[in-house]
Every structure is written in C-alpha cells, then in structure tokens.
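Each chain is listed here by its residues.
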Amino acid sequence: MGIFVGPAQTSPEPSGWWFTLSKPIHRHVGPDDTRPTCQLTYVFSSTVHKPFWTFLCHQTRTGTPGPPASVPRPPRDKRTPVRDPHPPPPPPRPLLLPLPPPPATTMPRAATGAIAAAFLRAQAPHMAPPASRIARAFPGLATAAATRFAPSSFASSPRLALHPRLRSARSFYSGVARASSGGGTVSGSLTSEEDQRLQSELIFLGTGTSEGIPRVSCLTHPTKTCPVCSKAAEPGNPNRRRNTSILLRHATPSGTTNIVVDAGKFFYHSALQWFPTFGLRTIDGVIITHSHADAIGGLDCLRDWTNNVQSSIPIYVAERDYEVMKMTHYYLIDTSVVIPGAAVSALQFNIIKEEPFMVHNLEVIPLPVWHGQGYRSLGFRFGDVCYISDVSDIPEETYKLLENCELLIMDALRPDRSSSTHFGLPRALEEVRKIKPKKTLFTGMMHLMDHEKVNSDLARLMETEGLDIQLSYDGLSIPVRL
C-alpha cells in the first residue's frame with residue numbers, strides 16, 4: 001500500500017491538500033507470458049466533499065516490473081485553472097515590526113485642536129461664538145465678548161439691548177463709565193482690554209411698588225379700565241413691574257460676584273425670570289435698604305439657593321432693621337426654633353452702620369435718607385453709581401456723598417405729586433437738578449406712570465435742560481465699572 005500527499009490541483013489557494021491510498025492487485029499469468037496488473041486507489045481532497053476511488057489496469061510480462069502506477073487526480077472544476085501539484089514555495093512574508101513611538105517634539109493633541117479651531121474661525125467668521133454665549137460662560141465679560149466677536153457695538157448686544165420701545169433710551173449707554181482721574185470726559189467706549197475684562201453689570205430685578213404692576217384690583221374692576229395695568233398684563237411690556245431690587249454683577253481680577261440689593265415679596269418671581277436670562281446662579285450677598293415687606297419679604301425664598309446652590313448667603317442690614325427681622329423672620333435668625341429636618345434659608349447676618357463697608361472686595365457707601373417721617377432708610381453708592389429706591393427726603397449731610405455721581409437711580413412713585421413716603425416725579429426732578437448726575441434712571445413707579453408716555457416727556461428735558469433722565473424697567477441691564 002502506498003500513500004501520497006500533495007497540494008490539491010483544484011484548490012484556489014496554495015493551502016489546499018489531497019492524498020491517496022493505493023493497493024496493487026495481481027492476476028494470473030497469461031499464455032503470452034503477461035499478466036494484468038491493477039491498482040485500486042482512494043483519493044481524499046480538501047476541495048471535494050467525499051472521497052472517491054479509481055481502478056487502473058495494464059499488462060506486464062512475467063518478471064518484468066510494470067510501469068509505475070499513475071497517480072489519479074480528483075475531478076477538476078472547469079472554472080478553476082490547472083495548477084502545478086508541486087508549486088514553488090511562496091515567497092517569505094515581510095516581517096511586520098511595530099511603529100516606533102512618536103518623537104518628543106510631536107505637537108500635543110490639544111495644540112493641534114486649537115490650531116485647527118483657529119484656522120476654521122479664520123476661514124469661516126460665522127463660526128465665532130455669539131456674544132450672548134460668551135457673556136453667560138464668562139460673567140462680567142459681556143463687553144469684551146461683544147467687542148471681539150460681534151460686529152456691532154456693545155449697546156447692540158442681544159442680551160444687553162434696551163427694550164425696543166425705548167427708542168430714546170439708547171443714548172443712555174453712551175456715557176455710563178467712570179471718569180478718568182484727570183477729570184477727562186466720560187465715554188461709553190472702553191479704553192483698554194483690561195477695562196473690558198473688568199466690566200461689571202447692573203441688572204434691574206424689579207422697578208415697581210410694593211403691590212407690583214399690574215394690580216389685581218385694576219384687572220378685575222367691573223367698570224373701569226386701567227390703561228397701564230392693561231398694558232402690564234401683556235408679556236414683555238415694560239409697565240410690568242415687581243418690587244424694587246437690583247443685582248450687581250461685580251467683575252474683579254479674581255472672579256465675578258453677584259450682589260443683590262433687597263429681596264422683597266416678588267423676589268423669587270423676579271429671579272425665576274431674570275436669573276436664567278442673564279446666566280445668573282449664585283447670590284454672594286444681599287444688602288437691605290430697609291425692613292418693609294417689599295425689601296425683606298423674599299428672604300425666606302433664599303432657601304432655594306442655600307439648599308441647592310450654596311451653603312449660605314451673607315445679609316448686610318442695619319441694626320434697626322435687624323431688630324425688625326427678629327420678629328418678622330425670627331426663625332431665620334434663631335434657627336433653634338426650626339423643626340428638625342425643615343430646610344429654611346441659611347443666612348449670615350452682618351450688621352452695618354452708616355459708614356462704608358466691604359462686600360466681596362466691593363466698597364459700599366450707605367446713603368442715609370428718610371422714608372417717611374422718622375423712618376430711616378438707606379440708599380447705597382457703588383463706585384460712581386448711587387441707588388436710592390425709597391425716599392421722601394434727603395438729609396443735608398447725604399448730599400455730600402452724592403457728589404460726582406455718574407449714574408443716579410432714584411425713587412419716583414407717581415407723575416403728579418409726592419406721597420408721605422416716596423418722591424413723586426416733580427420732586428424727583430428737583431433732586432436731579434440739585435445732585436447733577438450724568439445719567440438718571442427712576443425706579444419704584446406705580447401704575448399711574450405709563451412707561452412710554454413718561455419717557456417721551458422726559459426725553460424733552462434733554463433738549464431743554466440737558467438732563468438725561470429715563471424710567472428704568474424690569475430686566476434692564478447696564479454696563480458699569482465699580
């Protein structure tokens with residue numbers, strides 16, 4: 001029996017194989033001294049599903065070996081070309097070696113990304129980030145973002161633009177800036193990149209009276225229609241006013257802080273609207289002007305911040321108002337009376353006097369005023385910005401603290417006369433002429449003050465007396481340098 005192994009001819013790959021098992025079969029000798037020699041062969045191949053066999057015979061003379069038996073081949077697929085059963089060995093495969101590590105001078109991935117981003121921005125200016133997104137990501141840098149990325153001026157920034165109804169108010173932005181130490185003219189354009197980075201912002205969270213505008217009594221009156229309250233019921237109308245309050249977004253080289261002045265009854269509603277709009281989250285301090293409900297009624301709502309955003313909030317309040325809070329908000333001052341598990345506002349009370357104090361590196365100068373007979377209230381000066389929200393009279397000693405005021409924000413309750421606790425428009429105008437600020441914004445208006453009508457009347461004072469005076473409105477944002 002013989003065995004032969006070799007590559008299969010019908011295999012399309014050199015790795016195919018086949019082998020045979022053969023056995024010779026001898027027959028009797030014939031008369032012509034020949035005998036038939038036969039061979040039975042089984043063939044196994046990698047290209048054929050089942051083995052097959054062949055049977056070959058030929059005549060040989062006695063004693064003479066016959067020819068070697070031919071090696072049968074498996075049936076060949078006609079579509080496959082005939083190959084040599086003993087092809088030469090394939091050439092050796094090349095040895096694959098791992099690539100060497102990149103040299104030490106290869107540019108870091110972050111750097112290549114930055115270069116690619118810069119290239120794309122240079123090639124496609126429309127890919128530059130909008131100023132509003134820069135301002136939300138980097139609080140206090142709205143001016144720098146608008147200057148660098150927006151083709152228009154700072155006043156045209158979509159987040160800081162005035163209400164479209166305030167056509168005359170656009171002139172307000174032209175001069176809100178601190179005068180140079182040399183007494184130079186005030187200009188709204190910033191003179192250096194550092195000044196742009198340190199640009200702060202003043203946001204009006206509320207500009208109305210204690211009950212707010214519109215009044216429920218006006219909207220539900222069966223026979224009379226209040227024109228201002230009807231307008232205020234429309235979303236986005238500047239006559240809609242909540243309790244007077246401002247927020248200073250103070251930009252410093254070490255960061256930005258959010259300082260609130262007064263948290264009245266409508267404070268949480270104001271925060272719901274304006275904190276998301278201006279990208280605000282934390283409250284780094286609350287300064288109290290007086291202890292009426294429209295100034296402290298929202299202290300309990302600060303629990304949302306102290307429970308979910310920050311551990312506590314510092315409160316800056318005068319001693320006389322702190323004594324009132326011991327009665328109105330006793331559980332916020334003496335937390336031992338709070339039921340275990342109840343999450344009330346975590347407040348840190350700081351008693352202030354009628355002298356300058358600091359709030360996160362911002363100097364605050366109290367401006368003592370009268371808010372009704374015998375009732376003391378405080379205004380505050382931040383740099384060249386003076387804020388007096390509740391006033392019926394100004395002591396003589398306070399006028400000295402109002403000198404060289406760039407921006408005056410003052411109480412003006414109604415258009416015709418003053419009340420026992422608030423300036424009316426005529427008295428407020430007299431005080432503006434006496435204080436002589438560069439700019440004036442009135443706040444604390446009731447529902448008799450129609451925003452468009454009063455602003456139209458005030459615009460004439462610029463032509464006749466050179467007085468730049470306007471009404472503020474909820475959501476108004478002003479660039480300031482503190």
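Residues numbered from 1 in each chain as written. Predicted model: local features only at pLDDT ≥ 70, side-chain atom pairs only at ≥ 80, totals over all residues. Heavy atoms only, no water.

Participant: Describe in detail the packing of aromatic side chains, supporting the description with residues and values.
Facilitator: Aromatic rings in a pair are described by how distant their centres are and how their planes are angled relative to each other. Using the criterion set out here, one finds nine aromatic pairs in the structure. With centroids separated by 5.8 Å and ring planes inclined at 45°, the aromatic side chains of Phe267 and Trp305 adopt a geometry described as tilted. One end of the pair, Phe267, is in helix α7 (residues 267–277); the other, Trp305, is in helix α9 (residues 303–308), with 38 residues separating them in the sequence. A residue is classified by how much of its surface remains accessible, and Phe267, at 3% relative accessible area, is buried. A cation over an aromatic ring shows up here: Arg376 above the ring of Trp370, its NZ or CZ 4.7 Å from the ring centre. Cation over ring: Lys434 sits above Tyr399, and NZ or CZ is 3.9 Å from the ring centre. (Phe/Tyr/Trp six-rings, centres within 6.5 Å; stacked < 30°, edge-to-face > 60°. Helix = DSSP H or I, 4+ residues; strand = E, 2+ residues; numbered from the N terminus. Buried < 20%, exposed > 50% of the residue type's maximum accessible area, 1.4 Å probe, protein only. Lys NZ or Arg CZ within 6 Å of the ring centre and 35° of its normal.)

Participant: Help me get a handle on the environment of Arg303, residues and values and all.
Facilitator: Summarising the element assignment, Arg303 is placed in helix α9. Filtering out sequence-adjacent residues up to four positions away, Arg303 remains in contact with Asn308, Ala343, Val344 and Ser345. (Contact = heavy atoms within 4.5 Å.)

Participant: Describe the environment of Thr257, naming the residues involved and giving the relevant values.
Facilitator: Looking at the element boundaries, Thr257 is found in strand β7 (residues 255–261). Residue class for Thr257 comes out buried when judged on its relative accessible area of 14%. In this structure the C-alpha to C-alpha distance between Thr257 and Asp284, which are 27 residues apart in sequence, comes to 5.9 Å. The contacts of Thr257, once residues within four sequence positions are left out, are Leu248, Arg249, His250, Asp284 and His360.

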